[in-house]
Amino acid sequence: MSTTAGKVLKCKAAVAWEAGKPLVIEEVEVAPPQKMEVRVKILFTSLCHTDLYFWEAKAQDSVFPRIFGHEASGIVESVGEDVTELVPGDHVLPVFTGECRDCAHCKSEESNMCTLLRINTDRGVMINDEKSRFSINGKPIYHFVGTSTFSEYTVVHVGCLAKINPLAPMDKVCVLSCGISTGLGATLNVAKPKKGSSVAIFGLGAVGLGAAEGARLAGASRVIGVDFKNSRYEEAKKFGVTEFINPKDYTKPVQEVIAEMTDGGVDRSVECTGNIDAMISAFECVHDGWGVAVLVGVPHKDAIFKTPPINFLNERTLKGTFFGNYKPRSDLPSVVEMYMNKELEVEKFITHEVPFAEINKAFELMLKGEGLRCIIKME
């Protein structure tokens, strides 16, 4: 048992005091883990667009003060009551969604949308007692998606931790706990392109390039990237993208351009932007008879998907996915093994690294649209 188990820990955390304002490195108190909870020492974390979105809080209400962060790697420091799967010293990836293993979703082979631990961006407390484990001078600092990895120590529900190979380099695999796995799984687990097939990827950010990497691993012969930024094509080639389309370069809808390029449409498409027009294009660009489109991007809550029903009757399939259909505890360790076996190339997703004290630089890079993933080293 660790010497700090059961005690309140003091550590540094990057606190967001209000929307859109730079994070402030503060000394916070981190309470011990309660029932079914684990306290984790974070080693590396990275910034994902979801953190940025809720930090800006332009389109939705967000709870402040808050500790953001959800892509990370760490080591178990101590465990709470009834935690049997993890022990201090275990290497883990915290995940924004979970796997309780008891609900109908967890027992289903098809779903990863755990009833108990499904992502909840509004909740700023732990589900066990509706309280935060973080405080400054006795005042609560709120959690974010159950992970809050922009802290040297955090408390996470055991169902939101994937135990991984202790030999995996933590500064690399930390990026596998959100966006990249979301894109990768959308292709490998949901779209399931056959070897030699054609795949269109809408949006060439980190998630889209994860989807492209999935198409490369599946042996797709044509991977068509669709993005408004021409500069993204060069980078995307590293991920197996063979052709590029900027919709702005054409007067006709992009789905028609793709249909002409591919003799009737691509075999599979994966939409990673959340833009409703891109979603419709991604569906309408797949081939009749066998084409499958997979939606990954999260649209505006009022967006409406419109397409002629004949597109379905002509045997096109539309699917949605959440976290690439990966169950965090059961499946994420195997994604790490794909990297360890040199199948999945993680390094090319990592474009920047900053020390924890300079975490705001990671936000500046993302706001400028520079790079894919910026690793934040906690020590």
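The structure presented is a predicted model; accordingly, all values stated were derived computationally and were not measured.

The next point concerns the sheet that holds strand β1 (residues 9-15). Through backbone hydrogen bonds, the strands of a sheet pair up, either in parallel or in antiparallel fashion. Spatially, four strands are ordered β1-β2-β6-β7 in an open sheet, and the strand pairing comes out antiparallel. In this open sheet, the two strands that pair with only one neighbour each are β1 and β7 (139-141). Here the average twist between neighbouring strands, direction ignored, is 50 degrees. As judged from the two bridges shared by strand β2 (residues 24-30) and strand β6 (residues 134-136), these two strands associate in the antiparallel manner.

As annotated by UniProt and renumbered to match this structure, "domain: Alcohol dehydrogenase-like C-terminal" (unreviewed entry) occupies residues 206-338. Secondary structure over residues 206-338 splits into 38% helix and 15% strand, and the C-alpha atoms at its two ends are 18 Å apart.

Relative to the helices and strands, S148 resides in the loop between β7 and β8 (153-157). The class of S148 is buried, set by a relative accessible area of 0%. Once residues lying within four places of it in the same chain are set aside, the contact partners of S148 are I67, F68, G69, F134, Y142, H143 and T154.

Orientation of helix α4 (residues 179-191) relative to helix α5 (residues 206-218), taken along the N-to-C sense of each, is 40 degrees, at an axis distance of 7 Å. With respect to α5, the axis of α4 lies oblique. The hand of the α4/α5 crossing is right-handed. Here α4 contributes G179, I180, T182, G183, L184, T187 and L188 to the contact with α5, which in turn contributes A206, V207, G210, A211, E213, G214, A215, L217 and A218. For the contact of α4 with α5, a count of residues per class yields nine nonpolar, six polar and one charged.

Okay, the packing of α4 against helix α10 (residues 328-340) next. It is at 12 Å that the axes of α4 and α10 come closest, and there the two elements cross at 95 degrees. Taken as axis vectors, α4 and α10 run roughly perpendicular relative to one another. Taking contact as the criterion, the partners of S181, L184 and L188 in α4 are, on α10, L332, V335 and M338. Of the residues belonging to the contact of α4 with α10, the class tally is five nonpolar, one polar and no charged.

A few words on the pattern of salt bridges. Enumeration according to the criterion identifies 24 salt bridges in this entry. Of the charged contacts in the structure, one is a salt bridge between R101 and E99, with a shortest N-O distance of 3.5 Å. In this structure, D171 engages K172 in a salt bridge whose closest nitrogen and oxygen atoms are separated by 3.0 Å. Through salt bridges with shared partners, one network takes in E85, E99, R101 and R329.

Judged by pairing direction, the sheet is parallel, and its six strands sit side by side in the order β12-β11-β10-β13-β14-β15 without closing on themselves. Both outer strands of the open sheet, β12 (243-245) and β15 (317-320), are each paired with one neighbouring strand and no more. The average angle at which neighbouring strand axes cross in this sheet is 20 degrees, direction not considered. Two strands pair when backbone bridges link them, and strand β11 (residues 222-226) and β12 are joined in this way by three bridges, in the parallel orientation. Looking across to β12, one finds that I224 is bridged to E243. Against the sheet, helix α8 (residues 276-284) makes contact with β10 (198-202), β13 (268-271), β14 (292-295) and β15, and its axis sits at roughly 170 degrees relative to β13, the strand it touches most.

Bringing unusual backbone geometry into the picture now. Of note, the amide linkage connecting F64 to P65 takes the cis form, showing an omega dihedral of -5 degrees. You will see that E130, though not glycine, has its phi angle at about 60 degrees, which is positive. We classify E130 as exposed; its relative accessible area is 55%. Of note, K342 is a non-glycine position whose phi angle comes to about 65 degrees, a positive value. Along the chain, the position of K342 falls in the loop between α10 and β16 (350-355).

Attention shifts here to the side chain of H91. Summarising the element assignment, H91 is placed in strand β5 (residues 91-94). Setting aside chain neighbours within four positions, we find H91 in contact with G74, I75, A162, K163, I164, P166 and M170.

In this section: the nonpolar core. The biggest cluster of nonpolar side chains holds 103 residues, and the ones touching the most others in it are V38, L86, F150 and L176. Setting aside residues no more than four positions away along its own chain, V38 makes contact with P33, V76, S78, V79, V83, L86, T154, V155, V156, V158 and L161. Grouped together as the second largest cluster of nonpolar side chains are 15 residues, F202, I224, V254 and A282 included.

Cut-offs and rules
Residues numbered from 1 in each chain as written. Predicted model: local features only at pLDDT ≥ 70, side-chain atom pairs only at ≥ 80, totals over all residues. Heavy atoms only, no water. Pairing = 2+ DSSP bridges. Helix = DSSP H or I, 4+ residues; strand = E, 2+ residues; numbered from the N terminus. Axes fitted to C-alpha atoms, helices over the stretch in contact; angles between N-to-C directions. UniProt positions renumbered as here; feature names shortened; annotations may be inferred. Buried < 20%, exposed > 50% of the residue type's maximum accessible area, 1.4 Å probe, protein only. Contact = heavy atoms within 4.5 Å. Parallel < 35°, antiparallel > 145°, perpendicular 65-115°, else oblique. Left-handed = near helix turned anticlockwise from the far one by under 90°. Nonpolar A, V, L, I, M, F, W, Y, C, P; charged D, E, K, R; others polar. Salt bridge = Lys/Arg side-chain N within 4 Å of Asp/Glu carboxyl O. Core = buried A, V, L, I, M, F, W, Y, C linked by side-chain atoms within 4.5 Å.

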